Amino acid sequence: MAIQTYQHLYTQAMEHYHNQAFSEAFELLTREGGAFPKEAPTILYLRSCLAARIGQPELAVQILEEAINRGYWYGEDLLRESPSWQSLQGMTAFEQIVAVCKSQEAEFQT
């Protein structure tokens, strides 16, 4: 049965997250997230965080690249301070994403 509301999806994903069932949360968001296009920036963020938590840093970066390609960006503070992304710090591909997001953030602030 498909999830009917974004709130229900988010609640279920966070239950998995808090139980450290990161793979289950990732699979849920991957399977059901496309039904909520208005929430895509958050869903992509969560999926990337979860990919990093399950030991798939390349996938985490790939999901962030997808977000950037779709026109979304995340603030540098979030990119640097998210506990889930600590393992990505210093990776060339991640640092390129940080640079793009910093540029987008600066443009947004002007």
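The rules we used
- Residues numbered from 1 in each chain as written.
- Predicted model: local features only at pLDDT ≥ 70, side-chain atom pairs only at ≥ 80, totals over all residues.
- Heavy atoms only, no water.
- Helix = DSSP H or I, 4+ residues; strand = E, 2+ residues; numbered from the N terminus.
- Rg over C-alpha atoms; globule rule 2.2 N^0.38 Å.
- Buried < 20%, exposed > 50% of the residue type's maximum accessible area, 1.4 Å probe, protein only.
- Contact = heavy atoms within 4.5 Å.
- Lys, Arg positive; Asp, Glu negative; His and termini not counted.
- Charge placed at Lys NZ, Arg CZ, Asp CG, Glu CD.
- pLDDT = per-residue confidence, 0-100.
- Expected span 1.5 Å × (residues − 1).
- Arc of directions from axis to C-beta.
- Axes fitted to C-alpha atoms, helices over the stretch in contact; angles between N-to-C directions.
- Parallel < 35°, antiparallel > 145°, perpendicular 65-115°, else oblique.
- Left-handed = near helix turned anticlockwise from the far one by under 90°.
- Nonpolar A, V, L, I, M, F, W, Y, C, P; charged D, E, K, R; others polar.

Digging into the overall build of the protein
Regarding its fold elements, the protein presents six helices and zero strands. In sequence order, the secondary structure elements of the protein are arranged as α-α-α-α-α-α. Against the 2.2 N^0.38 benchmark of 13 Å for 110 residues, the protein shows a C-alpha radius of gyration of 14 Å, consistent with a compact globule. With respect to the principal axes defined by its C-alpha atoms, the protein has extents near 45 × 30 × 20 Å. Here the protein holds 110 residues, and 37% of them are scored as buried. A fraction of 58% describes how many contacts in the protein between residues 6 or more apart in sequence connect residues 24 or more apart. Computed over 7 positive and 14 negative side-chain charges, the inter-centroid distance for the protein is 3 Å.

As for the confidence of the model for the protein
Low-pLDDT stretches of the model should not have their predicted coordinates read in fine detail. Model confidence for the protein is summarised by a mean pLDDT of 95, while 99% of its residues fall at 70 or above. For the protein, per-element mean pLDDT is lowest for helix 6 (residues 92-109), which scores 92, and highest for helix 3 (residues 40-53), which scores 98.

A word on helix 1 (residues 6-18)
Taking 1.5 Å of rise per residue, the 13 residues of helix 1 would be expected to cover 18 Å, and the 18 Å separating its terminal C-alpha atoms lies within 8% of that figure. Of the positions making up helix 1, those classed as buried are Tyr6, Leu9, Ala13 and Met14. Buried residues along helix 1 cover an arc of 125° about the axis, so they all sit on one side. In this structure, helix 1 carries Gln7, Glu15 and His18 as exposed residues pointing more than 90 degrees from its buried face. For helix 1, the secondary structure elements touched by its buried residues are helix 2 (22-32) and helix 3.

Remarks on the packing of helix 1 against helix 3
Axes are the key here: two packed helices are described by the angle between their axes and the distance separating the axes. Between helix 1 and helix 3, the shortest axis-to-axis distance is 13 Å and the interhelical angle comes to 15°. If you check the angle between helix 1 and helix 3, you find them roughly parallel. When you trace helix 1 past helix 3, the crossing you get is left-handed. Residues Tyr6, Leu9, Tyr10, Met14 and Tyr17 of helix 1 form the contact with helix 3, whose own contacting residues are Thr42, Ile43, Leu46, Leu50 and Arg53. Residue composition of the contact of helix 1 with helix 3, grouped by class: eight nonpolar, one polar and one charged.

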